[in-house]
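Breakdown of the fold
Listed here are the chains, written in short residue letters.
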Amino acid sequence: MPAPLAVTSGDPSGIGPELAARIARDGAPAPMVWIGDPRHLPEGTRWQAVDDPAQPVPGGVLAVLPLTFAAPARPGRPDPANAAGTIAAIERAVALVQAGECSAVVTAPINKKALKDGAGFAFPGHTEFLAHLAGGAEVVMMLACPELRVVPVTIHIPLAEVPRALTPDLLSRSIEITHAALQRDFGLAEPRLALAGLNPHAGEGGAMGREELDFIAPLIRRYQHAGMQITGPLPADTMFHPAARARYDAALCMYHDQALIPIKTIDFAGGVNVTLGLPFVRTSPDHGTAYDIAGRGLADPASMRAAMVMAWDMALART
Ligand SMILES: NC(=O)c1ccc[n+]([C@@H]2O[C@H](COP(=O)([O-])OP(=O)(O)OC[C@H]3O[C@@H](n4cnc5c(N)ncnc54)[C@H](O)[C@@H]3O)[C@@H](O)[C@H]2O)c1
Ligand SMILES: N[C@H](C(=O)O)[C@H](O)COP(=O)(O)O
């Protein structure tokens, strides 16, 4: 059986701590240890400090590897003083997985700006930070739910910068990392990929942009000739209805919202963010810190739970 999951606190002013507490109380889907400051857990949480992630705790009790953060958490009000602790929890989780004491990292939501303001966090998000902690691994972000898997080829950059960032090299790396991960972690021997175009109507034959003609379509043809099941560039507005989704196993999209709007529309509760290409398993819920409902007991734990289930299943498949 794999080692426990390492679950990070996330921004303690967000819904991360309350989700972890709820899931432990109601029965976690896998052995887990929470890395955070116990002061940030909701009042009445049954928790037990452990020295070793493998240390058993009674059912319904949250196992905690305590980290002392600089400040108490005020739900809904991010505090830059807690940025260092939030980052340290992620680093500790990765160290535990790299040491073999945990089998996967499940990250609760962070607020990128709060980390930048509070600790000079130099990364756009977890994905890039985890790649850095993994020694500069080439990674992609996938959002997955039972009905759909999507990969945004460009992630947390301004829309105005997307065309310049979209290069044949980036697209090739995204295609190859996604294809390999679908084989390794999702059990698909011959994965089928579909690529969205960048422009409306996939460029309309060049009338609405040339990225499709100049490099997206030629790249797809190259992979087709090499034997990969890959189609596109497809008009993004007609590739996410049920019949279209049945024709592929993952959709690669050219920018963040082109990928994330459909999956969070289809299954916000069941969507999971999984980082492909890391030397260890990492998942995260598909939502953020939800400051508007933090601390009020309104947050749905489903996506966090789904992230734990996917991490555990991937860890099992890799043992
Ligand atoms: N995995 C991550 O670390 C992650 C993911 C997405 C966004 N973020 C960050 O979170 C912050 C806020 O982002 P946002 O406002 O765009 O998105 P958000 O997901 O935090 O919130 C969007 C809306 O969805 C609701 N919502 C979110 N999760 C919910 C849940 N579990 N149950 C019920 N309702 C829920 C919120 O209340 C809010 O109304 C930003 O800093 C963003 O970068 C982090
Ligand atoms: N783009 C992600 C989403 O909307 O779910 C989110 O910002 C998380 O990104 P990181 O895992 O890189 O923090």
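Since the structure is predicted, the reported quantities are computational estimates derived from the model, not experimental observations.

Rules of the game
For every chain, the first residue of the written sequence is number 1, and numbering continues from 1 onward in sequence order. For this description, chains carry letters from A and ligands carry numbers from 1, given in the order in which they are written. Owing to the predicted nature of the model, reporting of local features is limited to residues with pLDDT of at least 70; listing and counting of side-chain atom pairs is limited to 80 or more, with chain, interface and lining totals taken over all residues. Remark: hydrogens and water are excluded; side-chain values derive from all non-hydrogen atoms of the structure. Three exposure classes are used, based on accessible area relative to the maximum for each residue type with a 1.4 Å probe and protein chains only: buried under 20%, partly exposed in between, and exposed over 50%. Segments assigned H or I by DSSP are reported as helices when at least four residues long, segments assigned E as strands when at least two residues long, and all are numbered from the N terminus. Two strands form a pair only when DSSP identifies at least two bridges running between them. Every residue pair with non-hydrogen atoms within 4.5 Å of one another is taken to be in contact. Axis lines are fitted through C-alpha atoms, for helices just across the contact stretch, and the angle between N-to-C directions can take any value from 0 to 180 degrees. Roughly parallel refers to an angle under 35 degrees, roughly antiparallel to one over 145, roughly perpendicular to one between 65 and 115, and oblique to any angle outside these ranges. Crossings are classed by handedness, with left-handed meaning an anticlockwise turn of the near helix from the far one by less than a right angle and right-handed meaning a clockwise turn. Here the nonpolar group is Ala, Val, Leu, Ile, Met, Phe, Trp, Tyr, Cys and Pro; Asp, Glu, Lys and Arg are the charged ones; every other residue, Gly included, is treated as polar. UniProt positions are given in the numbering used here, feature names are shortened, and annotations may be inferred rather than shown by experiment.

**What to know about the pairing of strand 11 (residues 272–276)**
- Among the five residues in strand 11, five count as buried, and that is most of the element.
- One ladder, built from three bridges, connects strand 11 with strand 12 (residues 281–285); its direction is antiparallel. Residue pairing across strands places Val274 opposite Thr283, the latter belonging to strand 12.

**Considerations on the environment of Val106**
- With respect to the helices and strands, the residue Val106 is situated in strand 5 (residues 104–106).
- Accessibility expressed as a relative area gives 0% for Val106, which makes it buried.
- Each C-alpha atom of the pair Val106 and Trp34 lies 9.5 Å from the other, and the pair is 72 residues apart in sequence.
- Contacts of Val106, omitting those with residues within four sequence positions, involve Leu5, Ala6, Val7, Thr8, Thr283, Met304, Ala307, Met308 and Ala311.

**Observations regarding the packing of helix 2 (residues 83–98) against helix 4 (residues 126–133)**
- At their nearest, the axes of helix 2 and helix 4 sit 11 Å apart, and the two run at 45° to each other. Taken as axis vectors, helix 2 and helix 4 run oblique relative to one another. Crossing of helix 2 over helix 4 shows right-handed handedness. Contacts between helix 2 and helix 4 involve Ile87, Ile90, Glu91, Val94 and Gln98 from the first element and His126, Phe129, Leu130 and Leu133 from the second.
- Looking at side-chain class alone, the contact of helix 2 with helix 4 contains six nonpolar, two polar and one charged residues.

**Some thoughts on the environment of Glu147**
- Tracing the chain through its elements places Glu147 in the loop between strand 6 (140–145) and strand 7 (148–152).
- C-alpha of Glu147 to C-alpha of Thr283: the two residues are 136 residues apart in sequence and 18 Å apart in space.
- Here Glu147 is in contact with Arg245, Ile266 and Asp267, once residues within four sequence places are set aside.

**A few points about the UniProt feature "binding site: a divalent metal cation" (unreviewed entry) in the chain**
- With numbering matched to this structure, UniProt assigns "binding site: a divalent metal cation" (unreviewed entry) to His156, His201 and His256. Across 101 residues in sequence, these annotated residues place their C-alpha atoms as far as 23.7 Å from one another, rather than forming a single compact spot.
- Mapped onto the fold, His156 is located in the loop between strand 7 and helix 5 (162–165).
- With relative accessibility at 31%, the residue His156 sits in the partly exposed group.
- With sequence-adjacent residues up to four places away left out, His156 is seen in contact with Lys112, Pro124, Met141 and His256.
- Here His201 lies in the loop between strand 8 (192–196) and helix 7 (211–225).
- With residues near it in sequence (within four places) discarded, His201 still touches Met208, Pro235 and Asp237.

**Side note on the sheet that holds strand 4 (residues 62–66)**
- Read across the sheet, twelve strands follow the order 3-4-2-1-5-12-11-6-7-10-8-9 without closing on themselves; strand pairing throughout is mixed. The open sheet is flanked by strand 3 (47–49) and strand 9 (229–234), the only strands paired with a single partner. Pairs of neighbouring strands in the sheet enclose a mean axial angle of 25°, with direction left out of account.
- In this fold helix 7 packs onto strand 8 and strand 9, with an angle of close to 165° to the strand it touches most, strand 9.

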